[in-house]
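Residues per chain are reported as follows:
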Amino acid sequence: MLCTALGAVLGVLLALYTLFELHYFLRMCLCVVTARYLKKRMHILDTGTVLGFCLTNDIDTLLYHMNNARYLREIDFARVDFYERTSLYRTIRSKGGSVVQGATTIRYRRFIRPFTRFTISSRIVYWDNQSIFMEHRFLGGTDGFIHCIALCRQRVMQCSVEDVMATLLKSGIALQGPTLKKPPATSSTEFLEKVEVEGGLDAAGLAKPDLPPEVAKWLEWNDISSASLRTEC
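A brief structural summary. Source: prediction; values computed, not measured.

1. So, the packing of aromatic side chains
Applying the stated criterion to the full structure yields 10 aromatic pairs. With a centroid separation of 5.7 Å and 80 degrees between ring planes, the pair formed by Tyr24 and Phe25 is classed as edge-to-face. Taken together, a centroid distance of 6.1 Å and an interplanar angle of 35 degrees make the contact between Tyr126 and Phe133 tilted. Among the residues examined, Phe133 registers a relative accessible area of 0% and is labelled buried. Within the aromatic cluster, the residues linked to one another by ring pairs are Phe20, Tyr24, Phe25 and Phe77. The ring centre of Phe145 lies 3.7 Å from the NZ or CZ of Arg110, which sits over that ring.

2. Quick look at the pattern of salt bridges
Taken as a whole and assessed by the stated rule, the structure comprises 13 salt bridges. A salt bridge links Lys95 to Asp163; the shortest N-O distance between them is 3.3 Å. Here the residue Lys95 occupies a position in the loop between helix 4 (88-94) and strand 2 (98-108), and Asp163 occupies one in helix 5 (residues 161-171), the gap between them amounting to 68 residues. Given a relative accessible area of 28%, Lys95 falls into the partly exposed group. Asp143 serves as the salt-bridge partner of Arg110, at 3.7 Å between the closest nitrogen and oxygen. A residue pair is termed long-range when its members are at least 10 positions apart, and Arg110 in the loop between strand 2 and strand 3 (117-127) and Asp143 in the loop between strand 4 (131-140) and strand 5 (146-157) qualify at 33 residues. The class of Arg110 is partly exposed, set by a relative accessible area of 42%. Sharing partners across several salt bridges, the network here consists of Arg36, Glu84 and Arg90.

3. Considering the nonpolar core
With 18 residues, the main nonpolar core has Ile44, Leu88, Ile124 and Ile132 as its most contacted residues. Taken together, the elements giving at least two residues each to this core come down to helix 3 (68-86), helix 4, strand 3, strand 4 and helix 5. Per element, the largest residue contribution to this core is 5 residues, and it comes from helix 5. Those residues within four positions of Ile124 in sequence are excluded, and the remaining contacts are Ile44, Phe82, Ile132, Phe133, Met134, Met165 and Pro209.

4. Here we look at helix 7 (residues 213-232)
Along its 20 residues, helix 7 runs 29 Å from first to last C-alpha, staying within 8% of the 28 Å computed at 1.5 Å per residue. Here helix 7 has its buried residues at Val215, Trp218, Leu219 and Asn222. For helix 7, the angular spread of buried residues about the axis comes to 100 degrees, placing them on one side. What points out from helix 7, more than 90 degrees from its buried face, is the exposed set Pro213, Lys217, Trp221, Asp223, Ile224 and Thr231. The elements touched by buried residues of helix 7 are strand 2, strand 3, strand 4 and strand 5.

5. Some details on the sheet that holds strand 4
With antiparallel pairing, the 5 strands of this open sheet are ordered in space as 1-3-4-5-2. The open sheet has two edge strands with one neighbour each: strand 1 (48-53) and strand 2. Averaged over all neighbouring strand pairs, the angle between strand axes comes to 25 degrees, with direction disregarded. Sheet topology places strand 3 next to strand 4; 9 bridges connect them, and they run antiparallel. Across the sheet, Phe118 pairs through a bridge with Gly140, a residue of strand 4.

6. Overview of the environment of Leu211
Among the secondary structure elements, Leu211 is positioned in the loop between helix 6 (188-198) and helix 7. Overall, Leu211 belongs to the partly exposed group, its relative accessible area being 37%. Taking the C-alpha atoms as reference points, Leu211 and Val125, 86 residues apart in sequence, are found 7.7 Å from one another.

7. So, the packing of helix 2 (residues 22-38) against helix 3
Packing of helix 2 against helix 3 leaves a shortest axis separation of 8 Å and a crossing angle of 30 degrees. It follows from the interaxial angle that helix 2 and helix 3 lie roughly parallel. Crossing hand, helix 2 versus helix 3: right-handed. Where helix 2 abuts helix 3, its residues His23, Tyr24, Arg27, Met28, Cys31, Val32, Ala35 and Arg36 lie against Arg73, Glu74, Asp76, Phe77, Val80, Asp81, Glu84 and Arg85. A class-by-class count of the residues in the contact of helix 2 with helix 3 yields 7 nonpolar, 1 polar and 8 charged.

Cut-offs used in this document
Residues numbered from 1 in each chain as written. Predicted model: local features only at pLDDT ≥ 70, side-chain atom pairs only at ≥ 80, totals over all residues. Heavy atoms only, no water. Phe/Tyr/Trp six-rings, centres within 6.5 Å; stacked < 30°, edge-to-face > 60°. Buried < 20%, exposed > 50% of the residue type's maximum accessible area, 1.4 Å probe, protein only. Lys NZ or Arg CZ within 6 Å of the ring centre and 35° of its normal. Salt bridge = Lys/Arg side-chain N within 4 Å of Asp/Glu carboxyl O. Helix = DSSP H or I, 4+ residues; strand = E, 2+ residues; numbered from the N terminus. Core = buried A, V, L, I, M, F, W, Y, C linked by side-chain atoms within 4.5 Å. Contact = heavy atoms within 4.5 Å. Expected span 1.5 Å × (residues − 1). Arc of directions from axis to C-beta. Pairing = 2+ DSSP bridges. Axes fitted to C-alpha atoms, helices over the stretch in contact; angles between N-to-C directions. Parallel < 35°, antiparallel > 145°, perpendicular 65-115°, else oblique. Left-handed = near helix turned anticlockwise from the far one by under 90°. Nonpolar A, V, L, I, M, F, W, Y, C, P; charged D, E, K, R; others polar.

Structural data, given as structure tokens:
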């Protein structure tokens, strides 16, 4: 009886690993739980970091560096950590919205060798009314060298990104020092303007970042690509 039950369990696990990449889902669940319950909350404009380790199942056929596709997979885990610690995803959902990956560009600078540690730093570099632009850097565990850098565009649907960010910037005041009371009957934007004028919080910590030149060029390329593809449909 015991052997039958054990065989059934092993059979189910084998079927799950055959049909799904089970360890990916398990690690994603672990990332969510760790970020939500064990890590400190972050301001939406802070830089989040997660640790990674290149194992044998991460390397490519040459056997001496991490598979190029694994970088994007690791970014998934870093992004989930950032979403949870800043409450970005929960805020989008609370406003009836959803978020999808709209575009990614990645640049490799140096190999990540097997059995080496690395850190992924993630931050928001810009946003408009429809998209949030995030930068992810793979930093060497010993020297801090930037092995890889990726730029990702998160498309937000059914709600305004400006509204989402205003809400998160306002709630982030509680993480930044002095406690400020919101005046009655004011919008999020008016409240942020009042905070900056009164100097209760560093205005730079609340300001929308300027559009980085590389993001501007990248957006231009995306627009050209979209226009070209529309002519083919």
